[in-house]
Amino acid sequence: MFSANENILLRQHKRRVVEYIESTIPDNALELGTSVMVMQVSCRQPGCVPLETAITVVFPRPPSKKKKKKKENGNVQQQEQQKEDVPAFPQPLLPNLEESRIGGNFKTRILKPLSDVTLDDVLDALPPNFEGGRRTTESLCLKARDMTFAQIGQLAGNDDTGDSKEGRRLLAEYLKVCLEEYVERGCVAPEWGEPFTPLDGDGDEKKEDWPQKEQRETEAKKEAADGLENLNMNDKWGGGGNFVFRRPDEENEDVPELASNRTPSIIEHSYASTSKRNKYVSSEQMLQQIQKSQHAPGVRAHCPCCDPDSASTYVDKMMGL
């Protein structure tokens with residue numbers, strides 16, 4: 001519960017924010033009865049800010065137009081009134097804002113308590129339909145990007161040391177895979193702290209960890225280099241491959257096309273191999289690899305980074321030399 005002084009301050013902040021919003025609404029819309037509601041609400045859901053400001057702009061209901069029909073019944077004329085299904089203003093009170101035309105509500109929020117809200121925060125939360133509004137798809141994308149980068153820097157560190165850079169890279173790679181899985185599942189987030197549920201049709205072929213993925217990449221690069229070398233040799237001796245003239249079949253009676261059984265180019269081969277490999281690694285498998293690669297010092301025995309003075313580690317270093 002708020003004390004008396006806190007309630008007075010809260011009302012002052014509400015009045016100030018309401019004035020900010022009303023300054024972006026045309027005078028004719030305010031004269032017709034447009035009202036602004038501002039509330040400070042708390043959010044207990046994971047990932048929410050503790051206090052945020054909820055804004056609702058209530059536009060007036062347009063007057064119902066009535067049509068008059070004359071019905072003759074002998075010598076008596078009766079008038080019957082019929083209302084329209086959806087009353088609306090001829091033009092929206094705010095440009096291109098449908099809620100202002102039909103008398104609806106426009107809602108937005110600012111992820112700050114009322115006491116911290118400024119005029120710039122209000123303009124960033126309102127679309128360009130309001131005077132001075134700056135909320136667009138581009139601004140939302142940039143805001144989401146900046147917030148994500150800021151969180152990565154806070155978790156892994158913003159300095160230029162090797163550990164911080166590697167930590168930011170691992171988090172970015174993990175989030176990239178998570179976003180792909182998020183889109184594949186219809187932009188439905190999993191439960192807080194839980195992995196994504198597997199999609200229908202996910203088989204054992206997707207269970208591939210990072211070492212296997214790196215081995216696949218090495219083999220693909222070697223095959224691509226060999227294919228490029230073969231292509232260069234064929235070009236040197238005037239080209240290679242047998243050309244075949246295909247006859248038009250019953251289903252496709254187009255002009256016969258010239259086909260060649262040449263070797264796929266290095267770009268086609270690399271793209272196909274990369275696309276086939278990337279869909280095998282899930283966010284859960286990547287998270288397991290990150291946990292294996294980063295652990296607290298002294299946890300694992302005979303580990304090169306935890307126990308560098310052990311005999312097995314020393315032998316491994318000598319054999320590596």
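Values in this document were obtained by computation on a predicted structure and should not be read as measured data. (Residues numbered from 1 in each chain as written. Predicted model: local features only at pLDDT ≥ 70, side-chain atom pairs only at ≥ 80, totals over all residues. Heavy atoms only, no water.)

Engineer: Residues and numbers for the overall build of the protein, please.
Structural biologist: Looking only at helices and strands, the protein features ten helices and seven strands. Residues classed as buried in the protein amount to 23% of the 321 residues present. Here the protein has roughly 24300 Å² of accessible surface; of this, 52% comes from carbon and sulfur atoms. (Helix = DSSP H or I, 4+ residues; strand = E, 2+ residues; numbered from the N terminus. Buried < 20%, exposed > 50% of the residue type's maximum accessible area, 1.4 Å probe, protein only. Areas by Shrake-Rupley, 256 points an atom, 1.4 Å probe, with all protein chains shown as cover.)

Engineer: Please give an account of the nonpolar core that cites residues and values.
Structural biologist: Ile21, Ile25, Val38, Val57, Phe59, Leu94 and Phe130 are the most contacted members of the largest nonpolar core, which totals 23 residues. By residue number, the principal contributor to this core is helix 1 (residues 4-22), which donates four residues. Setting aside chain neighbours within four positions, we find Phe59 in contact with Thr34, Leu93, Leu94, Leu97, Glu99, Ser100, Gly103, Gly104, Asn105, Phe106 and Phe130. (Core = buried A, V, L, I, M, F, W, Y, C linked by side-chain atoms within 4.5 Å. Contact = heavy atoms within 4.5 Å.)

Engineer: Describe in detail the side chain of Glu52, supporting the description with residues and values.
Structural biologist: Checked against the element boundaries, Glu52 lands in strand 2 (residues 51-58). Side chain to side chain, Glu52 and Arg109 meet in a polar contact 3.3 Å long. (Polar contact = N/O pair within 3.5 Å; in protein donor to acceptor, adjacent residues only side chain to side chain.)

Engineer: Can you break down the packing of helix 5 (residues 137-156) against helix 6 (residues 162-184) residue by residue, with the values?
Structural biologist: Running from N to C, helix 5 and helix 6 cross one another at 135°; their axes reach a closest spacing of 9 Å. By the criterion of interaxial angle, the relationship of helix 5 to helix 6 is oblique. Seen along the crossing, helix 5 lies across helix 6 with a hand that is right-handed. Packed against helix 5, whose contacting residues are Thr148, Ile152, Leu155 and Ala156, the element helix 6 presents Ser164, Gly167, Arg168, Leu171 and Leu175 at the interface. Split into classes, the residues belonging to the contact of helix 5 with helix 6 amount to five nonpolar, three polar and one charged. (Axes fitted to C-alpha atoms, helices over the stretch in contact; angles between N-to-C directions. Parallel < 35°, antiparallel > 145°, perpendicular 65-115°, else oblique. Left-handed = near helix turned anticlockwise from the far one by under 90°. Nonpolar A, V, L, I, M, F, W, Y, C, P; charged D, E, K, R; others polar.)

Engineer: Mind laying out the packing of aromatic side chains, listing which residues take part and the relevant values?
Structural biologist: Overall, the coordinates contain one aromatic pair when judged by the stated rule. Where Phe106 meets Phe130, the ring centres are 5.3 Å apart and the plane angle is 50°; that geometry is what we call tilted. Taken together, the residues Phe106 in strand 5 (residues 105-110) and Phe130 in the loop between helix 4 (119-125) and helix 5 connect sequence positions 24 residues apart. In this pair, the class of Phe106 matches that of Phe130, namely buried. (Phe/Tyr/Trp six-rings, centres within 6.5 Å; stacked < 30°, edge-to-face > 60°.)

Engineer: Can you explain the sheet that holds strand 2? Please cite residues and give values.
Structural biologist: Sheet strands associate in pairs through backbone hydrogen bonding, adopting either a parallel or an antiparallel arrangement. Ordered by their spatial adjacency, three strands build an open sheet running 1-2-5, and the pairing between neighbours is antiparallel. Every interior strand has two partners, whereas the edge strands, strand 1 (35-42) and strand 5, have only one. Across the sheet, the mean angle from the axis of one strand to that of its neighbour is 20°, orientation sign disregarded. The sheet contact formed by strand 2 and strand 5 spans six bridges and is antiparallel. (Pairing = 2+ DSSP bridges.)

Engineer: Explain the state of the cysteines residue by residue, including any values.
Structural biologist: Per the stated rule, a full pass over the model turns up one disulfide. The disulfide bridge from Cys43 ends at Cys48, spanning 2.5 Å between sulfur atoms. The class for Cys43 is buried, based on a relative accessible area of 18%. (Disulfide = S-S within 2.5 Å.)

Engineer: So what's going on with the pattern of salt bridges? Which residues, and what values?
Structural biologist: Counted according to the given criterion, the structure contains nine salt bridges. Across the pair Arg109 and Glu52 runs a salt bridge whose closest N-O atoms are separated by 3.3 Å. Here the residue Arg109 occupies a position in strand 5, and Glu52 occupies one in strand 2, the gap between them amounting to 57 residues. Assessed through its relative accessible area of 9%, Glu52 is described here as buried. (Salt bridge = Lys/Arg side-chain N within 4 Å of Asp/Glu carboxyl O.)

Engineer: Outline helix 6, listing residues and values.
Structural biologist: With 23 residues, helix 6 should reach 33 Å at 1.5 Å per residue; the first-to-last C-alpha distance of 33 Å fits that figure. Following helix 6 by one or two positions, Gly186 has its phi on the positive side, about 75°. (Expected span 1.5 Å × (residues − 1).)

Engineer: Describe unusual backbone geometry, with residues and values.
Structural biologist: Backbone geometry places Asn96, a non-glycine residue, at a positive phi of 60°. If you trace the backbone, Asn96 turns up in the loop between strand 4 (76-83) and helix 3 (98-102). Residue Asn96 is classed as exposed on the basis of its relative accessible area, which comes to 73%. Not every positive phi belongs to a glycine, and Cys187 is a case in point at roughly 60°. For Cys187, the position within the fold is in the loop between helix 6 and helix 7 (210-236).

Engineer: Could you give an account of helix 1, with specific residues and numbers?
Structural biologist: The terminal C-alpha atoms of helix 1 lie 27 Å apart, and with 19 residues this matches the ideal 27 Å at 1.5 Å per residue to within 8%. Restricting attention to buried positions, one finds in helix 1 the residues Leu10, Val17, Val18 and Ile21. Seen along its axis, helix 1 keeps its buried residues to an arc of 105°; they face one direction. In helix 1, the exposed positions angled more than 90 degrees off the buried face are occupied by Ala4 and Asn5. Buried residues along helix 1 sit in contact with strand 1, strand 2 and helix 4. (Arc of directions from axis to C-beta.)

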